[in-house]
Amino acid sequence: MCFMIVAAACQTDPGEDEADGASATPQSSNPGPSESSGLDQNAIDSLPEFVSEGIAAQVERELARGDILGQAREKIKHFVFLVKENRTFDHMFGRFPGAEGATEGLTCDDQTVPLTRAGDKTVSVDHSFVAGLTVINGGRMNCFDTIRAGQGDLNAYVQYHEEDIPNYWEYARRFTLADRFFSSVYGPTTVEHLWVISSQSDRFVDLERPDQVGTGEPREFCEDDEELMWSFKKMTKEEEDEAYQLEEIPSVVELVQRFWIERWPCTDIRILPDMLEEEGISWKYYFSGAAPMHAMKMVRHVRFGPMWEKIVPASDFKEDLAEGRLPRVSWLIPPWTGSDHPSAAGICRGENWTVEYLNALMESDAWKNTAVVMTWDDYGGFYDHVPPPHVDLYGMGPRVPAIVISPWAKPGYIDKRTYDFSSVLRTIEMIHGLAPMTERDGRAAPMFDSFDFDQEPLDPLVLEERDCP
């Protein structure tokens, strides 16, 4: 994992924050992005679709058309949320025909540079919360060359061609590719994974630093009460508005000095599995990822309660398929070597892991009534040209790829609605008649436009794993 904030030589005000473990605030290590205010017009134009008061009425009209929700409840008996690591849409699908992609990018001094061809392994560029604000740069999407590991050598401005990731492109061609799907938060991994289960992060914004890891192994979260993690402090409405405006500029140094604190990363927020448990809906969290991905260890009542029995190795996913016991809702988090993280084993091996697990699904009896949403948890520092909507203090973050894989996914379709991880959770909630957990998933557009429940169901797409470099 790469980070871009360091301790600043300043003091936080005493008071309520002391109880939260406040200490020295972080500071950006990046050269100065533009200080002009406001998102660009494209970003402004994208806001009403997601946050306007009319979104609920719009969703109701769409669901009423052909009783889409009723059909979804009949046709989708298993929903799998597959989360990989650290890529943007332009980085993987910028050349995909018909998609909103780019083959060039802007630097912080507004120079246009080509997105050069990415290697199987790539440099892991800074993708922290502050880095996300920096590269978005108030909607200009032009400062990817200023973040750590991206400075000078344009490591962020790289892109795959179809022949580099042919099986990912084959899934996108056969099923539905979403080209306005954003990460929920500016970054990084741990915070994004909290949003994947809860549509919030209980104010947490960034990972521990080397002097914050506590007494045991780093990132044990609830298992180590001496660990710390960056968080927004508790704020008044006026302070939230001020912080929001600082993000739009962006003025990251003032933002973190005024509004960030350090806290123990152990919380009891309500997560979607809580709601599934209450309604007797089966679920599992198939997890073999690295420590920063393990958001379930941040949820106290999960880590130290009976729900922990449903946190199982990713390999159990294939066993459950073979035994016919795939739950109604699943999260599938791959091991490090299969995660696609730039500093892992290479994207070819990550793609092969995906093929192995999706082949197992497609060759099972569960395929006929399963929907998979496969996405990547954050932008990984790589360039993307589409400004994310600034819907609240946490994001959205830069655009990531998302592919909807199902017999009922529209074949060869590019879904151009605005989504984030909360849209996946909202889709699951609506299928099972559950209320939204937060304001974000309550306003999120569900992903039913990616499905056609009247079509002939699509056949499985069993692919060959590749020989990797």
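Structure: see above.
Let us look at the structure shown here. (Residues numbered from 1 in each chain as written. Predicted model: local features only at pLDDT ≥ 70, side-chain atom pairs only at ≥ 80, totals over all residues. Heavy atoms only, no water.)

## Side note on the environment of E227
And then number 1: Tracing the backbone shows E227 in the loop between β10 (204-206) and β11 (229-232).
And then number 2: With relative accessibility at 0%, the residue E227 sits in the buried group.
And then number 3: C-alpha separation for the pair E227 and T215, spaced 12 residues apart in sequence, amounts to 7.5 Å.
And then number 4: Engagement of the side chain of E227 in a polar contact is seen with the backbone nitrogen of R219, the distance being 2.8 Å. (Helix = DSSP H or I, 4+ residues; strand = E, 2+ residues; numbered from the N terminus. Buried < 20%, exposed > 50% of the residue type's maximum accessible area, 1.4 Å probe, protein only. Polar contact = N/O pair within 3.5 Å; in protein donor to acceptor, adjacent residues only side chain to side chain.)

## Details of the sheet that holds strand β8 (residues 176-178)
And then number 1: Spatial strand order, β14-β13-β15-β3-β16-β17-β8-β18: 8 strands in an open sheet with mixed pairing. At either end of the open sheet lies a strand with only one pairing partner, and these are β14 (311-312) and β18 (413-415).
And then number 2: In this structure, strand β3 (residues 78-84) lies alongside strand β16 (residues 370-376), joined through 7 bridges in parallel fashion. For V83, the partnering residue across the bridge sits in β16 and is T375.
And then number 3: The strands touched by helix α7 (residues 166-174) are β3, β8, β16 and β17 (402-405); relative to β17, the strand with the most contacts, the crossing angle is about 60°.
And then number 4: Packed on one face of the sheet, helix α15 (residues 421-431) meets β3, β15 (329-333) and β16 and runs near 170° to β3. (Pairing = 2+ DSSP bridges. Contact = heavy atoms within 4.5 Å. Axes fitted to C-alpha atoms, helices over the stretch in contact; angles between N-to-C directions.)

## Observations concerning the state of the cysteines
And then number 1: One pass over the full model with this rule turns up 3 disulfides.
And then number 2: Between the sulfur atoms of C108 and its disulfide partner C143 the distance amounts to 1.9 Å. Across the S-S bond linking C108 and C143, the dihedral sits near 55°, which makes this disulfide right-handed. Within this pair, whereas C108 is found in the loop between β4 (104-106) and β5 (112-114), its partner C143 is found in the loop between α6 (129-136) and β7 (158-159), the two being separated by 35 residues in sequence.
And then number 3: In this structure C143 comes out as buried when scored by relative accessible area, which is 0%. (Disulfide = S-S within 2.5 Å.)

## Description of the sheet that holds β11
Picture the strands of a sheet paired through backbone hydrogen bonds; they go either parallel or antiparallel.
And then number 1: The strand order across the open sheet built from 3 strands is β10-β11-β12, with neighbouring strands paired in antiparallel fashion. Both outer strands of the open sheet, β10 and β12 (260-263), are each paired with one neighbouring strand and no more. Strand-to-strand twist of the sheet, defined as the mean angle between neighbouring strand axes without regard to direction, takes the value 50°.
And then number 2: Pairing of β10 with β11 involves 2 bridges; the strand directions are antiparallel. Following the sheet pairing, D206 is matched in β11 by W230.
And then number 3: Contacting β10, β11 and β12, α6 runs over the sheet at an angle of about 75° to β10.

## Points about the nonpolar core
And then number 1: By size, the foremost hydrophobic cluster in this structure holds 135 residues, and its most contacted members are F93, Y171, F232, W331 and I405.
And then number 2: The element contributing the most residues to this core is helix α14 (residues 347-362), with 7 residues. (Core = buried A, V, L, I, M, F, W, Y, C linked by side-chain atoms within 4.5 Å.)

## A closer look at the packing of aromatic side chains
What describes a pair of aromatic rings is the distance from one ring centre to the other and the angle between the planes of the rings.
And then number 1: Summed over the entire model, instances satisfying the criterion amount to 26 aromatic pairs.
And then number 2: Seen from their ring centres, Y168 and W376 are 5.3 Å apart, and the 75° between their planes marks the pair as edge-to-face. Of this pair, Y168 sits in helix α7 while W376 sits in strand β16, and the two are 208 residues apart along the sequence.
And then number 3: Accessibility expressed as a relative area gives 0% for Y168, which makes it buried.
And then number 4: Under the relative-accessibility criterion, W376 is labelled buried at 0%.
And then number 5: A network of ring pairs unites the aromatic residues F129, Y186, W195, W230, F232, W260 and Y394 as a single cluster.
And then number 6: We note K318 situated over the ring of Y357; from NZ or CZ to the ring centre the distance is 5.0 Å.
And then number 7: Over the face of the ring belonging to Y413 we find K410, whose NZ or CZ atom lies 4.5 Å from the ring centre. (Phe/Tyr/Trp six-rings, centres within 6.5 Å; stacked < 30°, edge-to-face > 60°. Lys NZ or Arg CZ within 6 Å of the ring centre and 35° of its normal.)

## Structural notes on the side chain of T107
And then number 1: Structurally, T107 is set in the loop between β4 and β5.
And then number 2: Within polar-contact distance, the side chain of T107 engages the side chain of D109 at 2.4 Å.
And then number 3: In this structure T107 touches V113, N142, D145, L154 and Y157, once residues within four positions along its chain are discounted.

## As for the packing of helix α13 (residues 315-322) against α14
And then number 1: Where α13 contacts α14, the two axes come as close as 9 Å, and the packing angle between them is 15°. In terms of orientation, α13 lies roughly parallel with respect to α14. Where α13 crosses over α14, the handedness of that crossing is left-handed. Together, S315, F317, K318 and L321 of α13 and E356, Y357, A360 and L361 of α14 make up the contact between the two elements.
And then number 2: Split into classes, the residues belonging to the contact of α13 with α14 amount to 5 nonpolar, 1 polar and 2 charged. (Parallel < 35°, antiparallel > 145°, perpendicular 65-115°, else oblique. Left-handed = near helix turned anticlockwise from the far one by under 90°. Nonpolar A, V, L, I, M, F, W, Y, C, P; charged D, E, K, R; others polar.)

## What about the pattern of salt bridges?
And then number 1: Enumeration over the complete set of coordinates arrives at 27 salt bridges.
And then number 2: The shortest N-O distance in the salt bridge between E239 and K233 comes to 3.4 Å.
And then number 3: The buried category is assigned to K233, whose relative accessible area is 16%.
And then number 4: A salt bridge links R440 to D420, with the shortest nitrogen-to-oxygen separation between them at 2.8 Å. With R440 in helix α16 (residues 439-443) and D420 in strand β19 (residues 419-420), this pair connects stretches of sequence that are 20 residues apart.
And then number 5: Put simply, D90, D384 and R399 are held in one network by salt bridges that share partners. (Salt bridge = Lys/Arg side-chain N within 4 Å of Asp/Glu carboxyl O.)

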